[in-house]
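# Residue-level structural notes
What follows is the residue order along each chain.
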Amino acid sequence: LEGRQLHRLLTPIFLHGGIGHLMANSYSLKSMGANVERAFGQPRLLATYLLSGIMGNVVSAVQSPNPAVGASGAIFGLVGAYYTFLSRNGEL
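Presented here is a report on the structure given in the accompanying data block. Predicted model, so just to flag it, every value in this text is computed and none were measured. (Residues numbered from 1 in each chain as written. Predicted model: local features only at pLDDT ≥ 70, side-chain atom pairs only at ≥ 80, totals over all residues. Heavy atoms only, no water.)

## Here we look at the side chain of Asn25
For clarity, the cut-off: For helices the rule is a DSSP run of H or I covering at least 4 residues; for strands it is a run of E covering at least 2, with both sets numbered from the N terminus onward. We call a residue buried when its accessible area falls under 20% of the maximum for its residue type, exposed when it is over 50%, and partly exposed in between, using a 1.4 Å probe and counting protein chains only. In what follows, residue pairs with any heavy atoms lying within 4.5 Å of each other are defined as contacts.
By secondary structure assignment, the location of Asn25 is in helix α1 (residues 19-40). Taking the relative accessible area as the measure of exposure, Asn25 reaches 7% and is therefore buried. With near-sequence residues (within four places) excluded, Asn25 lies in contact with His16, Gly70, Ala71, Ser72 and Ile75.

This is how it looks when you write it as structure tokens:
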């Protein structure tokens, strides 16, 4: 990337490698999204989703020469953030 075409860190979040990939990501968001949104609020959910997706694409770009697609990094980031939230706020 080297400072050029930085949009390539964001756009893969909205692409998918096939119908199965899209369905798995959609199911993940459907099953946990409302709980995460309730805990974080919309702005923090969006920020966590986007930053997780971008960082997932950065790691993918560093670790693999192949292009990345899909929202899996963003979804894993939401799962991790929600797990951290629940572990720190167990009384909720």
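## Regarding a nonpolar patch on the surface
Formally: Distance thresholds for patches are 9 Å for like charges and 5 Å for nonpolar side chains (Val, Leu, Ile, Met, Phe, Trp, Tyr), applied to residues having over 30% relative accessible area and no salt bridge. Method for areas: the Shrake-Rupley scheme with a 1.4 Å probe, in which residue coverage is limited to the protein chains shown. Between Lys or Arg on one side and Asp or Glu on the other, a salt bridge is scored when a side-chain nitrogen of the former is within 4 Å of a carboxyl oxygen of the latter.
A cluster of nonpolar residues, Ile19, Leu22 and Met23, forms a patch on the protein surface that exposes about 310 Å² of accessible area. Along the chain, Ile19 turns up in helix α1.

## Topic: the packing of aromatic side chains
What counts here: A pair of aromatic rings is counted whenever rings of Phe, Tyr or Trp (Trp by its six-membered ring) have centres within 6.5 Å, and the orientation is called stacked for planes under 30 degrees apart, edge-to-face for over 60 and tilted otherwise.
In this structure the tally under the stated criterion is one aromatic pair. Both rings, one in Phe40 and one in Phe85, keep their centres 5.7 Å apart while their planes meet at 75°; by these two values the pair is edge-to-face. Residue Phe40 is found in helix α1, and its partner Phe85 is found in helix α3 (residues 72-88); the two are separated by 45 residues along the sequence. The class for Phe40 is buried, based on a relative accessible area of 13%.

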